[in-house]
Amino acid sequence: MEASPRAKLFAFKCVQNMLAINDKLFRYTNIPNRCAFCSQHGETMEHIFFTCLFARSVWFASASSPFPPNTYLSSVVDWILQLHINPAGWNNYQGQWMAKCIITIWYIWLACCDKVFRGIDTNPGDINTRTEIEWTAEATLARHPSTNRPSCRHFIDQNWACPPLGTQKINFAGIYDAHNQNGQIALILRSSNGWCREVKQLRCRVQSQHEAEMQAALEAAIWANQLNSNAIQIEGNCVEIIKAIKGEACHINWRARSRLASIHEKIRKNGDDTTFAFLTCCKKANQAAVALANRTNSNVICNIAFPPPSFLFDVLSLDSRRNRDQNQGSEVNEPYFPGF
C-alpha cells in the first residue's frame, strides 16, 4: 500500500479492533459512550469514519468516487479488507484507492484525538487537504522507486553540506529525557568553509520529543540573532518541526506549537537585510548535533565551548572530508582544529 508506516500501522489496528474508542472504554471507565464529534451517537468505528456528520463532511469534500461511506459493508474491518479491489472506473495512475481511503480515516482519527485531548476543532476541509497532500506524495514516491526509501523521502543530500560563501550554519538537535522530563539541546555553529566555530549545550524543561526539538530550534534562532550575521542557515533533522516553522501542514502537540511565535519573532528581528533560512536534513547529516545532545548531562544548564568536545572530532572531520571530496579545488584544505 502506498502510505506512510504510521498510516499502515493505523490500518492494522483497525483490522485488529485495537482503537481506543468510547464504545470500548465506557465499559471499564466513567467515559460516556458518545461520539467526540457530534455527541449524539455511540462512538463506534463505523460511526466515526462513515455515519457521523463530521466524517461525511470530510468524505464529501474529497473528490473520491464512488462516495466511500456508501461502499462499506457491515463493518470497517470488512471494508478495509475489501479495499484492494478498486471501484469501477478508478485510474491507479492517480494513486491507490486503498491508500486514499486509509489515509483519510487516519486523519479523521487524528482529528478525533485532537478534539478529545487538545480541545481543537478541525475543519473537514483541512482534513481533506492534508489527505490529498500525503496521498499524492506517497503516489509520486511509488512512481519513482529510486527515491522511495525512508532515508530519501525528504532529503536530497545524505551528508552535511557547507553553507554558501559568507553564510554561517547552525545545526540543532533536541532529545527528550523522559526519566527527568528534560530536553537535551545541542547547537553547532559552522562557517561557510566548514570550520566549527562554537558549540552550545543546554537543558530545559519539556514534556515531549517535539517540544525538545522546537526548543532547540528556538535556541538556534536566539543564537543566530546574537551573531549579527548577514546570512544564517538553521538546520535540523525533525521534519515536522521545520514544517511548522515554515507554516506548512504538520502534526505537533500544542506545547511545541506554543514556541512558534517566539521563533518567528526572532526571525523578524533580523530585519530585511539578513537572509534567515530553516532547512531540513537527514539524521546522518545532523549526526554531530545529535551526538552532542546525547552527551548533554544533567549538570549542564548552558555550556558554550570552542574547541568542541573531543568525542565530536571524528564526526566533524568526517564531514570536512566529505565536503572536500565533493568540492575538489576549493579552499577547504585545512583541518578543523589546530593540531588535530
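Preceding block: the structure.
From a predicted model like this one, the values you see are computed outputs, not experimental measurements.

An α-helical segment advances 3.6 residues per turn. Residues three or four places apart therefore align on the same side. Those residues of helix H1 (residues 5-15) that sit buried are Ala-7, Phe-10, Ala-11 and Cys-14. Around the axis of H1, the buried residues are gathered within 100 degrees of arc, so they sit on the same side. Against the buried residues of H1 lie helix H3 (45-51), helix H5 (76-81) and helix H6 (97-118). Asn-17, located one to two residues past H1, shows a positive phi value of around 60 degrees.

For the rest of this paragraph, the subject is the pattern of salt bridges. Tallying each qualifying case throughout the model produces five salt bridges. Asp-121 serves as the salt-bridge partner of Lys-115, at 2.5 Å between the closest nitrogen and oxygen. Accessibility expressed as a relative area gives 58% for Asp-121, which makes it exposed. Salt-bridge contacts for Lys-169 lead to Glu-235; the nearest nitrogen and oxygen are separated by 3.3 Å. Of the two residues, Lys-169 is situated in strand S1 (residues 168-177) and Glu-235 in strand S4 (residues 231-236); the sequence distance between them amounts to 66 residues.

This brings us to the packing of aromatic side chains. Counting across every chain of the model gives seven aromatic pairs. A centroid spacing of 6.4 Å and a plane angle of 35 degrees characterise the contact between Phe-10 and Trp-109, whose relative ring orientation is tilted. You can see Phe-10 sitting in helix H1 and its partner Trp-109 sitting in helix H6, a full 99 residues away along the chain. The exposure classification of Phe-10 matches that of Trp-109, with both residues buried. Judged by centre distance (5.0 Å) and plane angle (50 degrees), the rings of Trp-106 and Tyr-107 are tilted. There is no split in this pair, since Trp-106 and Tyr-107 are both buried.

With that settled, consider the state of the cysteines. Taken as a whole and assessed by the stated rule, the structure comprises zero disulfides. Cys-281 supplies the cysteine sulfur nearest to Cys-282, a cysteine that is in no disulfide, at a spacing of 6.1 Å. Residue classification places Cys-282 among the buried positions, given a relative accessible area of 4%.

Among the secondary structure elements, Thr-131 is positioned in helix H7 (residues 124-143). The class of Thr-131 is buried, set by a relative accessible area of 1%. Here the side chain of Thr-131 touches Ile-127 through a polar contact of 2.8 Å, landing on its backbone oxygen. In this view, Thr-131 contacts Lys-100, Ile-103, Thr-104 and Tyr-107; residues no more than four positions away in its chain are not counted.

Counting 40 residues, the largest nonpolar core has Phe-37, Phe-49 and Ile-108 as its most contacted members. Taken together, the elements giving at least two residues each to this core come down to H1, H3, helix H4 (53-61), H5, H6 and H7. Ranked by residues supplied to this core, first place goes to H6 with 13 residues. If we ignore the near neighbours within four places in the chain, the residues touching Ile-108 are Phe-37, Ile-48, Phe-49, Ala-55, Val-58, Trp-59 and Ile-127. Ranked by size, the runner-up nonpolar core spans 31 residues in total, among them Ala-212, Ala-216, Ile-242 and Ile-245.

How each quantity is defined
- Residue indices begin from 1 for each chain and proceed along its sequence in written order.
- Where totals are concerned, whole chains, interfaces and linings use all residues; where local detail is concerned, this predicted model gives features only for residues with pLDDT of at least 70, and gives and counts side-chain atom pairs only at 80 or more.
- No hydrogens and no water enter the side-chain calculation; it runs on all heavy atoms of the structure.
- Exposed residues in this analysis have more than 50% of their type's maximum accessible area, buried residues have under 20%, and partly exposed residues fall in between, with area computed by a 1.4 Å probe over protein chains only.
- Under the DSSP-based scheme used, a helix requires at least four consecutive residues in state H or I and a strand at least two consecutive residues in state E, with every element numbered from the N terminus.
- To be clear, the arc concerns the directions from the helix axis to the C-beta atoms.
- Here a residue-residue contact requires only that any non-hydrogen atoms of the pair lie within 4.5 Å.
- Between Lys or Arg on one side and Asp or Glu on the other, a salt bridge is scored when a side-chain nitrogen of the former is within 4 Å of a carboxyl oxygen of the latter.
- Within 6.5 Å between ring centres, the rings of Phe, Tyr and Trp (the latter by its six-membered ring) count as paired, and their orientation is classed by plane angle as stacked under 30 degrees, edge-to-face over 60, tilted in between.
- Throughout, a disulfide means two cysteine sulfur atoms within 2.5 Å of one another.
- Pairs of N or O atoms are called polar contacts if they sit within 3.5 Å, as long as, within protein, a hydrogen donor faces a hydrogen acceptor (for residues adjacent in sequence, only side-chain-to-side-chain pairs).
- In this description, a nonpolar core means a group of buried Ala, Val, Leu, Ile, Met, Phe, Trp, Tyr and Cys residues linked to one another through side-chain atoms lying within 4.5 Å.

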